[in-house]
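If you want the building blocks of each chain, they are given just below.
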Amino acid sequence: MAAAQDSNEISYLLPPNRKDWEEKGVPNFVYRQKELLEGIQWPRTAPSLLDRTPRSRFDSALCAAWRQRMELGLFRYRLGELQTQTLPGVVGFVAQLNVERGVQRRRPQNIWSVRQAFDPEQFNFNKIRPGEVLFRLLREPDLPGALQQEDILVMINVSPLEWGHVLLVPEPTQGLPQRLLPAALRAGVEAVLLSSHPGFRVGFNSLGGLASVNHLHLHGYYLAHRLPVEGAPSEPLDPGGRLHLLQALPAPGFLFYTSGPGPDLEALIGRVCRATDYLTDHEIAHNLFVTRGAPPGKTSPSSALTGIRVILWARKSSFGVKEGEAFNVALCELAGHLPIKTSQDFDSLTEAAALALIRDCLLPPAQAEEVQAALVALIAQDEQ
(Lines give C-alpha, C1' and ligand atoms only; values in the text may rest on other atoms or scores of the structure.)
Protein backbone atom coordinates (compact mmCIF):
# COMPACT_ATOMS: atom_id res chain seq x y z
CA MET A 1 0.00 0.00 0.00
CA ALA A 2 1.24 3.47 -0.75
CA ALA A 3 1.91 5.63 2.28
CA ALA A 4 -0.52 8.43 2.98
CA GLN A 5 0.60 11.64 4.62
CA ASP A 6 -0.57 11.80 8.21
CA SER A 7 0.43 14.75 10.34
CA ASN A 8 -0.06 12.65 13.47
CA GLU A 9 1.97 9.65 12.30
CA ILE A 10 5.10 10.66 14.18
CA SER A 11 3.22 10.50 17.48
CA TYR A 12 2.98 6.72 17.18
CA LEU A 13 6.76 6.33 16.92
CA LEU A 14 9.07 5.77 19.87
CA PRO A 15 11.60 8.46 20.79
CA PRO A 16 15.24 7.74 19.82
CA ASN A 17 16.38 7.27 23.41
CA ARG A 18 15.14 4.00 24.94
CA LYS A 19 15.14 5.60 28.38
CA ASP A 20 12.32 7.85 27.21
CA TRP A 21 10.01 5.06 26.01
CA GLU A 22 8.19 4.52 29.28
CA GLU A 23 7.80 8.24 29.94
CA LYS A 24 6.30 8.79 26.48
CA GLY A 25 3.11 7.00 27.46
CA VAL A 26 0.69 5.32 25.04
CA PRO A 27 -0.63 7.61 22.29
CA ASN A 28 -4.33 7.55 21.46
CA PHE A 29 -5.64 6.69 18.00
CA VAL A 30 -9.07 8.32 17.97
CA TYR A 31 -11.26 7.48 15.00
CA ARG A 32 -14.54 8.76 13.66
CA GLN A 33 -17.62 7.16 12.12
CA LYS A 34 -16.65 8.31 8.64
CA GLU A 35 -13.36 6.41 8.88
CA LEU A 36 -15.17 3.04 8.95
CA LEU A 37 -14.68 2.18 5.29
CA GLU A 38 -17.13 0.34 3.07
CA GLY A 39 -16.69 -0.88 -0.49
CA ILE A 40 -13.05 -2.01 -0.15
CA GLN A 41 -12.26 -4.60 -2.85
CA TRP A 42 -9.38 -6.71 -4.07
CA PRO A 43 -7.64 -5.37 -7.20
CA ARG A 44 -9.08 -7.02 -10.30
CA THR A 45 -5.62 -7.99 -11.52
CA ALA A 46 -2.51 -8.68 -9.42
CA PRO A 47 -2.61 -8.45 -5.62
CA SER A 48 0.71 -6.61 -5.88
CA LEU A 49 -1.32 -3.54 -6.88
CA LEU A 50 -2.20 -3.28 -3.18
CA ASP A 51 1.26 -1.77 -2.70
CA ARG A 52 0.06 1.27 -4.62
CA THR A 53 -3.28 1.53 -2.83
CA PRO A 54 -3.51 4.56 -0.51
CA ARG A 55 -3.42 3.60 3.13
CA SER A 56 -6.09 4.67 5.55
CA ARG A 57 -5.04 6.71 8.57
CA PHE A 58 -5.30 3.53 10.66
CA ASP A 59 -3.05 1.59 8.27
CA SER A 60 -0.49 4.40 8.20
CA ALA A 61 -0.30 4.60 11.99
CA LEU A 62 -0.15 0.84 12.51
CA CYS A 63 2.37 0.10 9.75
CA ALA A 64 4.73 2.96 10.58
CA ALA A 65 4.79 2.10 14.29
CA TRP A 66 5.05 -1.65 13.61
CA ARG A 67 7.92 -1.19 11.14
CA GLN A 68 9.81 0.95 13.63
CA ARG A 69 9.48 -1.71 16.36
CA MET A 70 10.81 -4.29 13.91
CA GLU A 71 13.82 -2.07 13.11
CA LEU A 72 14.41 -1.57 16.85
CA GLY A 73 14.56 -5.32 17.46
CA LEU A 74 11.51 -5.62 19.71
CA PHE A 75 10.37 -8.82 17.99
CA ARG A 76 11.72 -12.31 18.62
CA TYR A 77 12.85 -12.47 15.00
CA ARG A 78 13.07 -10.23 11.95
CA LEU A 79 10.21 -10.99 9.60
CA GLY A 80 11.21 -10.90 5.95
CA GLU A 81 9.08 -11.62 2.92
CA LEU A 82 7.57 -15.04 3.50
CA GLN A 83 7.68 -17.74 0.86
CA THR A 84 4.05 -18.23 -0.16
CA GLN A 85 2.15 -20.65 -2.37
CA THR A 86 -1.45 -21.58 -3.09
CA LEU A 87 -1.87 -25.32 -2.66
CA PRO A 88 -3.22 -27.06 -5.76
CA GLY A 89 -6.82 -28.17 -5.30
CA VAL A 90 -10.36 -26.87 -4.89
CA VAL A 91 -9.95 -25.07 -1.54
CA GLY A 92 -7.32 -22.46 -2.35
CA PHE A 93 -5.22 -22.83 0.82
CA VAL A 94 -2.60 -20.07 1.14
CA ALA A 95 0.51 -21.71 2.64
CA GLN A 96 3.40 -19.65 4.02
CA LEU A 97 6.75 -20.82 5.31
CA ASN A 98 7.42 -19.23 8.72
CA VAL A 99 10.21 -21.26 10.31
CA GLU A 100 11.12 -18.60 12.88
CA ARG A 101 7.67 -18.51 14.43
CA GLY A 102 7.66 -22.29 14.78
CA VAL A 103 11.01 -22.19 16.59
CA GLN A 104 11.06 -18.94 18.55
CA ARG A 105 7.50 -18.20 19.66
CA ARG A 106 6.77 -18.25 23.38
CA ARG A 107 5.74 -21.62 24.76
CA PRO A 108 1.96 -21.83 25.35
CA GLN A 109 0.77 -21.56 28.94
CA ASN A 110 -0.49 -24.56 30.84
CA ILE A 111 -4.16 -24.50 29.84
CA TRP A 112 -6.63 -27.17 30.94
CA SER A 113 -10.07 -25.56 30.60
CA VAL A 114 -11.94 -23.29 28.19
CA ARG A 115 -13.23 -21.47 31.29
CA GLN A 116 -9.90 -21.16 33.08
CA ALA A 117 -9.49 -18.09 35.32
CA PHE A 118 -6.86 -15.44 34.69
CA ASP A 119 -3.63 -16.14 36.59
CA PRO A 120 -1.51 -13.01 37.25
CA GLU A 121 1.52 -15.20 37.99
CA GLN A 122 1.67 -16.50 34.40
CA PHE A 123 2.80 -14.37 31.49
CA ASN A 124 0.25 -11.68 30.65
CA PHE A 125 0.16 -8.37 28.84
CA ASN A 126 0.91 -6.39 31.98
CA LYS A 127 4.44 -7.84 31.72
CA ILE A 128 5.39 -6.71 28.23
CA ARG A 129 8.34 -4.41 27.57
CA PRO A 130 7.97 -0.66 27.09
CA GLY A 131 7.63 0.05 23.40
CA GLU A 132 5.57 -3.00 22.46
CA VAL A 133 2.31 -1.02 22.61
CA LEU A 134 1.69 0.95 19.41
CA PHE A 135 -1.34 2.97 20.46
CA ARG A 136 -4.65 2.97 22.29
CA LEU A 137 -7.62 2.49 19.94
CA LEU A 138 -10.47 4.84 20.80
CA ARG A 139 -13.52 5.84 18.85
CA GLU A 140 -15.35 9.10 19.32
CA PRO A 141 -18.11 8.54 21.90
CA ASP A 142 -20.85 10.08 19.78
CA LEU A 143 -21.06 7.38 17.10
CA PRO A 144 -24.77 6.65 16.55
CA GLY A 145 -25.99 3.54 18.31
CA ALA A 146 -22.60 2.85 19.85
CA LEU A 147 -22.06 1.68 23.38
CA GLN A 148 -19.29 3.01 25.60
CA GLN A 149 -16.02 1.52 24.38
CA GLU A 150 -13.36 0.33 26.76
CA ASP A 151 -9.70 1.08 26.17
CA ILE A 152 -8.19 -1.27 23.59
CA LEU A 153 -4.40 -1.39 23.38
CA VAL A 154 -2.89 -2.30 20.01
CA MET A 155 0.48 -3.98 20.57
CA ILE A 156 2.92 -5.98 18.50
CA ASN A 157 2.82 -9.76 18.47
CA VAL A 158 6.50 -10.43 19.13
CA SER A 159 6.25 -13.70 17.13
CA PRO A 160 4.49 -12.40 14.01
CA LEU A 161 2.60 -14.56 11.54
CA GLU A 162 2.73 -11.90 8.86
CA TRP A 163 3.34 -8.21 8.27
CA GLY A 164 1.59 -5.94 10.75
CA HIS A 165 0.64 -8.76 13.13
CA VAL A 166 -0.76 -7.07 16.23
CA LEU A 167 -2.77 -7.94 19.31
CA LEU A 168 -5.89 -6.04 20.36
CA VAL A 169 -5.99 -6.12 24.15
CA PRO A 170 -8.70 -4.59 26.37
CA GLU A 171 -7.18 -2.66 29.30
CA PRO A 172 -4.68 -5.28 30.60
CA THR A 173 -4.90 -4.27 34.24
CA GLN A 174 -8.45 -5.65 34.36
CA GLY A 175 -6.97 -9.17 34.21
CA LEU A 176 -9.63 -10.53 31.86
CA PRO A 177 -9.37 -14.22 30.89
CA GLN A 178 -9.44 -15.30 27.25
CA ARG A 179 -13.21 -15.16 26.88
CA LEU A 180 -14.64 -13.01 24.08
CA LEU A 181 -16.46 -9.86 25.21
CA PRO A 182 -18.57 -7.46 23.10
CA ALA A 183 -16.17 -4.50 23.50
CA ALA A 184 -13.24 -6.58 22.28
CA LEU A 185 -15.16 -7.98 19.30
CA ARG A 186 -16.44 -4.52 18.40
CA ALA A 187 -12.89 -3.18 18.36
CA GLY A 188 -11.83 -6.08 16.14
CA VAL A 189 -14.63 -5.60 13.63
CA GLU A 190 -14.09 -1.85 13.51
CA ALA A 191 -10.33 -2.34 13.05
CA VAL A 192 -11.14 -4.32 9.88
CA LEU A 193 -13.42 -1.48 8.77
CA LEU A 194 -10.73 1.13 9.54
CA SER A 195 -8.29 -0.55 7.15
CA SER A 196 -8.31 0.19 3.44
CA HIS A 197 -6.51 -3.14 2.85
CA PRO A 198 -8.95 -5.96 1.95
CA GLY A 199 -6.54 -8.47 3.52
CA PHE A 200 -6.44 -7.00 7.03
CA ARG A 201 -8.21 -9.59 9.19
CA VAL A 202 -8.88 -10.07 12.88
CA GLY A 203 -9.40 -13.29 14.82
CA PHE A 204 -9.82 -14.89 18.22
CA ASN A 205 -8.69 -18.22 19.64
CA SER A 206 -10.41 -19.49 22.78
CA LEU A 207 -8.65 -21.46 25.46
CA GLY A 208 -8.44 -24.98 24.10
CA GLY A 209 -8.60 -23.41 20.62
CA LEU A 210 -4.85 -22.74 20.69
CA ALA A 211 -4.85 -19.45 22.57
CA SER A 212 -1.37 -19.46 24.09
CA VAL A 213 -1.96 -16.68 26.66
CA ASN A 214 -4.94 -16.62 29.04
CA HIS A 215 -5.40 -12.84 28.92
CA LEU A 216 -8.10 -11.44 26.66
CA HIS A 217 -6.73 -10.57 23.22
CA LEU A 218 -7.55 -10.71 19.52
CA HIS A 219 -5.13 -11.01 16.62
CA GLY A 220 -4.96 -8.69 13.63
CA TYR A 221 -2.69 -8.96 10.58
CA TYR A 222 -2.30 -8.23 6.89
CA LEU A 223 -2.29 -10.97 4.25
CA ALA A 224 -2.28 -9.91 0.60
CA HIS A 225 -4.24 -12.95 -0.56
CA ARG A 226 -7.89 -13.87 -0.83
CA LEU A 227 -9.00 -16.63 1.53
CA PRO A 228 -11.68 -19.30 0.93
CA VAL A 229 -14.00 -18.04 3.67
CA GLU A 230 -14.49 -14.61 2.05
CA GLY A 231 -16.88 -15.93 -0.58
CA ALA A 232 -17.74 -19.45 0.53
CA PRO A 233 -21.44 -20.25 -0.03
CA SER A 234 -23.74 -20.68 2.93
CA GLU A 235 -27.28 -21.63 3.86
CA PRO A 236 -29.52 -19.93 6.44
CA LEU A 237 -30.14 -21.68 9.74
CA ASP A 238 -32.90 -19.38 10.96
CA PRO A 239 -35.87 -17.74 9.20
CA GLY A 240 -34.47 -14.25 9.78
CA GLY A 241 -31.19 -15.06 8.06
CA ARG A 242 -29.10 -13.94 11.03
CA LEU A 243 -27.18 -17.20 11.32
CA HIS A 244 -25.81 -19.15 8.37
CA LEU A 245 -23.82 -22.34 7.96
CA LEU A 246 -20.69 -22.36 5.84
CA GLN A 247 -20.52 -25.88 4.47
CA ALA A 248 -17.61 -25.41 2.09
CA LEU A 249 -14.05 -26.48 2.79
CA PRO A 250 -11.77 -26.08 4.67
CA ALA A 251 -14.21 -26.51 7.59
CA PRO A 252 -17.91 -25.95 8.27
CA GLY A 253 -18.55 -22.91 10.42
CA PHE A 254 -21.24 -20.51 11.59
CA LEU A 255 -21.47 -17.30 9.56
CA PHE A 256 -22.64 -13.94 10.90
CA TYR A 257 -22.80 -11.08 8.40
CA THR A 258 -23.34 -7.34 8.39
CA SER A 259 -23.20 -4.90 5.49
CA GLY A 260 -21.33 -2.32 7.57
CA PRO A 261 -21.36 -0.05 10.63
CA GLY A 262 -24.54 0.92 12.42
CA PRO A 263 -27.30 -0.81 14.39
CA ASP A 264 -26.92 -4.04 12.42
CA LEU A 265 -23.28 -4.25 13.49
CA GLU A 266 -24.21 -3.81 17.15
CA ALA A 267 -26.81 -6.57 16.82
CA LEU A 268 -24.27 -8.87 15.17
CA ILE A 269 -21.78 -8.33 18.00
CA GLY A 270 -24.43 -9.30 20.52
CA ARG A 271 -25.36 -12.47 18.63
CA VAL A 272 -21.77 -13.58 18.19
CA CYS A 273 -20.94 -13.08 21.86
CA ARG A 274 -24.03 -14.97 22.98
CA ALA A 275 -22.83 -17.84 20.78
CA THR A 276 -19.28 -17.76 22.18
CA ASP A 277 -20.68 -17.51 25.73
CA TYR A 278 -22.66 -20.69 25.10
CA LEU A 279 -19.58 -22.48 23.79
CA THR A 280 -17.41 -21.32 26.69
CA ASP A 281 -20.02 -22.24 29.31
CA HIS A 282 -20.23 -25.72 27.79
CA GLU A 283 -16.44 -26.19 27.65
CA ILE A 284 -16.39 -26.15 23.84
CA ALA A 285 -13.26 -24.63 22.30
CA HIS A 286 -13.71 -22.27 19.38
CA ASN A 287 -12.03 -19.99 16.88
CA LEU A 288 -13.36 -16.85 15.24
CA PHE A 289 -12.32 -14.93 12.11
CA VAL A 290 -13.37 -11.44 10.98
CA THR A 291 -12.88 -10.51 7.32
CA ARG A 292 -14.40 -8.42 4.60
CA GLY A 293 -16.54 -10.77 2.56
CA ALA A 294 -19.53 -11.51 0.40
CA PRO A 295 -23.11 -11.66 1.69
CA PRO A 296 -24.50 -15.06 2.67
CA GLY A 297 -25.96 -17.33 0.03
CA LYS A 298 -24.71 -18.73 -3.25
CA THR A 299 -21.48 -16.81 -3.54
CA SER A 300 -18.10 -17.68 -5.04
CA PRO A 301 -14.38 -17.12 -4.25
CA SER A 302 -14.37 -14.08 -6.55
CA SER A 303 -17.49 -12.46 -5.09
CA ALA A 304 -17.39 -8.77 -4.19
CA LEU A 305 -16.60 -7.87 -0.59
CA THR A 306 -19.85 -6.12 0.30
CA GLY A 307 -19.67 -6.33 4.10
CA ILE A 308 -18.14 -8.04 7.10
CA ARG A 309 -18.16 -11.78 7.69
CA VAL A 310 -17.63 -13.15 11.20
CA ILE A 311 -17.06 -16.91 11.08
CA LEU A 312 -17.21 -19.02 14.23
CA TRP A 313 -15.94 -22.58 14.45
CA ALA A 314 -16.70 -24.91 17.36
CA ARG A 315 -13.95 -27.52 17.63
CA LYS A 316 -12.30 -30.16 19.79
CA SER A 317 -10.24 -28.80 22.64
CA SER A 318 -6.49 -28.96 22.06
CA PHE A 319 -4.22 -28.15 24.97
CA GLY A 320 -0.54 -27.69 24.18
CA VAL A 321 1.19 -27.75 20.78
CA LYS A 322 1.52 -30.78 18.52
CA GLU A 323 5.18 -30.43 17.62
CA GLY A 324 5.22 -32.96 14.78
CA GLU A 325 2.45 -31.45 12.67
CA ALA A 326 3.00 -29.22 9.62
CA PHE A 327 0.77 -26.58 11.23
CA ASN A 328 -1.43 -26.09 14.27
CA VAL A 329 -5.14 -25.56 13.63
CA ALA A 330 -6.42 -22.22 14.93
CA LEU A 331 -8.16 -19.13 13.56
CA CYS A 332 -6.12 -18.52 10.40
CA GLU A 333 -5.80 -22.19 9.42
CA LEU A 334 -9.57 -22.70 9.58
CA ALA A 335 -9.92 -19.66 7.32
CA GLY A 336 -7.51 -21.14 4.77
CA HIS A 337 -4.19 -19.49 5.73
CA LEU A 338 -1.56 -22.08 6.67
CA PRO A 339 1.66 -20.88 8.39
CA ILE A 340 4.02 -23.84 7.91
CA LYS A 341 6.82 -24.60 10.37
CA THR A 342 9.42 -26.40 8.23
CA SER A 343 10.75 -26.25 4.67
CA GLN A 344 10.13 -29.96 4.24
CA ASP A 345 6.45 -29.65 5.11
CA PHE A 346 6.12 -26.52 2.98
CA ASP A 347 7.47 -28.38 -0.05
CA SER A 348 5.46 -31.57 0.49
CA LEU A 349 2.12 -30.45 1.97
CA THR A 350 -0.93 -31.33 -0.12
CA GLU A 351 -4.49 -30.12 0.10
CA ALA A 352 -5.62 -33.58 1.22
CA ALA A 353 -3.06 -33.65 4.04
CA ALA A 354 -4.05 -30.14 5.18
CA LEU A 355 -7.74 -31.06 5.21
CA ALA A 356 -6.99 -34.21 7.23
CA LEU A 357 -5.22 -32.15 9.91
CA ILE A 358 -8.13 -29.72 10.07
CA ARG A 359 -10.82 -32.42 10.16
CA ASP A 360 -9.03 -34.04 13.09
CA CYS A 361 -9.74 -30.91 15.14
CA LEU A 362 -13.46 -30.66 14.38
CA LEU A 363 -16.27 -31.83 16.64
CA PRO A 364 -17.78 -35.29 16.07
CA PRO A 365 -20.93 -35.04 13.88
CA ALA A 366 -23.38 -35.71 16.73
CA GLN A 367 -21.87 -33.00 18.94
CA ALA A 368 -21.67 -30.58 16.00
CA GLU A 369 -25.40 -31.05 15.37
CA GLU A 370 -26.14 -30.46 19.05
CA VAL A 371 -24.15 -27.21 19.01
CA GLN A 372 -25.89 -26.07 15.83
CA ALA A 373 -29.33 -26.67 17.35
CA ALA A 374 -28.34 -24.76 20.49
CA LEU A 375 -27.06 -21.74 18.55
CA VAL A 376 -30.17 -21.66 16.35
CA ALA A 377 -32.27 -21.64 19.54
CA LEU A 378 -30.18 -18.77 20.92
CA ILE A 379 -30.71 -16.73 17.77
CA ALA A 380 -34.45 -17.45 17.85
CA GLN A 381 -34.61 -15.77 21.27
CA ASP A 382 -33.75 -12.49 19.54
CA GLU A 383 -37.20 -12.50 17.97
CA GLN A 384 -38.99 -12.76 21.31
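A few points on the structure. What you see is a predicted model, and the numbers here were worked out from it, not measured in a lab. (Residues numbered from 1 in each chain as written. Predicted model: local features only at pLDDT ≥ 70, side-chain atom pairs only at ≥ 80, totals over all residues. Heavy atoms only, no water.)

Turning our attention to the packing of aromatic side chains. This structure, assessed with the given rule, holds ten aromatic pairs. Geometrically, the ring pair formed by Phe29 and Phe135 is tilted, given 5.4 Å between the ring centres and 35° between the ring planes. Of this pair, Phe29 sits in strand S1 (residues 28–31) while Phe135 sits in strand S4 (residues 133–139), and the two are 106 residues apart along the sequence. Of the two residues examined, Phe29 and Phe135, each falls in the buried class. Relative to Phe135, the ring of Phe58 has its centre 6.3 Å away and its plane inclined at 80°; by these criteria the two rings are edge-to-face. Residue Phe58 is found in helix H2 (residues 57–71), and its partner Phe135 is found in strand S4; the two are separated by 77 residues along the sequence. Comparing Phe58 with Phe135, the two get one shared label, buried. Among the aromatic side chains, those forming a connected cluster through ring pairs are Tyr12, Phe29, Phe58, Phe135, Phe200 and Tyr222. Against the face of Phe29 rests Arg57, its NZ or CZ located 4.2 Å from the ring centre. (Phe/Tyr/Trp six-rings, centres within 6.5 Å; stacked < 30°, edge-to-face > 60°. Helix = DSSP H or I, 4+ residues; strand = E, 2+ residues; numbered from the N terminus. Buried < 20%, exposed > 50% of the residue type's maximum accessible area, 1.4 Å probe, protein only. Lys NZ or Arg CZ within 6 Å of the ring centre and 35° of its normal.)

Our focus in this paragraph is the sheet that holds strand S14 (residues 337–340). As summarised here, the arrangement of the three strands in space is S2-S3-S14, forming an open sheet in which the pairing is mixed. The sheet is open, and its two borders are formed by strand S2 (84–86) and S14, each paired with just one other strand. Sheet twist, expressed as the average angle between the axes of neighbouring strands with direction ignored, equals 20°. In terms of strand pairing, S2 meets strand S3 (residues 94–97) through three bridges, oriented antiparallel. Among the inter-strand pairings, Gln85 is bridged to a residue of S3, identified as Ala95. (Pairing = 2+ DSSP bridges. Axes fitted to C-alpha atoms, helices over the stretch in contact; angles between N-to-C directions.)

The next thing to look at is the pairing of strand S7 (residues 200–205). As a general feature of sheets, a regular strand has side chains that alternate between the two faces. Of all six residues in S7, six are buried, a share of seventy percent or more. Here S7 shows a buried face lined by Phe200, Val202 and Phe204 and a second buried face lined by Arg201, Gly203 and Asn205. Judged from the four bridges that link them, S7 and strand S8 (residues 218–222) form a sheet pairing that is antiparallel. Note that in S8 the partner of Gly203 across the bridge is His219.

Moving on to the sheet that holds S1. Across the sheet, eleven strands lie side by side as S1-S4-S5-S6-S8-S7-S12-S13-S11-S10-S9; this open sheet has mixed pairing. Pairing within the sheet leaves two strands with one partner each, and these edge strands are S1 and strand S9 (234–236). Strand-to-strand twist across the sheet, computed as the mean angle between neighbouring axes with direction ignored, equals 25°. Across the sheet, helix H5 (residues 263–281) is in contact with S4, strand S11 (253–258), strand S12 (285–293) and strand S13 (307–315); its angle to S11 comes to roughly 160°. Sheet contacts for helix H9 (residues 365–380): strand S10 (244–246), S11 and S13; angle to S11, the most-contacted strand, approximately 25°. (Contact = heavy atoms within 4.5 Å.)

Once that is clear, we can look at the packing of H5 against H9. Axis separation between H5 and H9 bottoms out at 10 Å; the angle between their running directions is 140°. Taken together, the axes of H5 and H9 are oblique relative to one another. Of the two elements, H5 crosses H9, and the hand of that crossing is right-handed. Across from Arg271, Arg274, Ala275, Tyr278 and Leu279 in H5, the residues of H9 making contact are Val371, Ala374, Leu375, Leu378 and Ile379. Tallied by class, residues from the contact of H5 with H9 come to eight nonpolar, no polar and two charged. (Parallel < 35°, antiparallel > 145°, perpendicular 65-115°, else oblique. Left-handed = near helix turned anticlockwise from the far one by under 90°. Nonpolar A, V, L, I, M, F, W, Y, C, P; charged D, E, K, R; others polar.)

Don't take any of this as a statement about function, it's just geometry.
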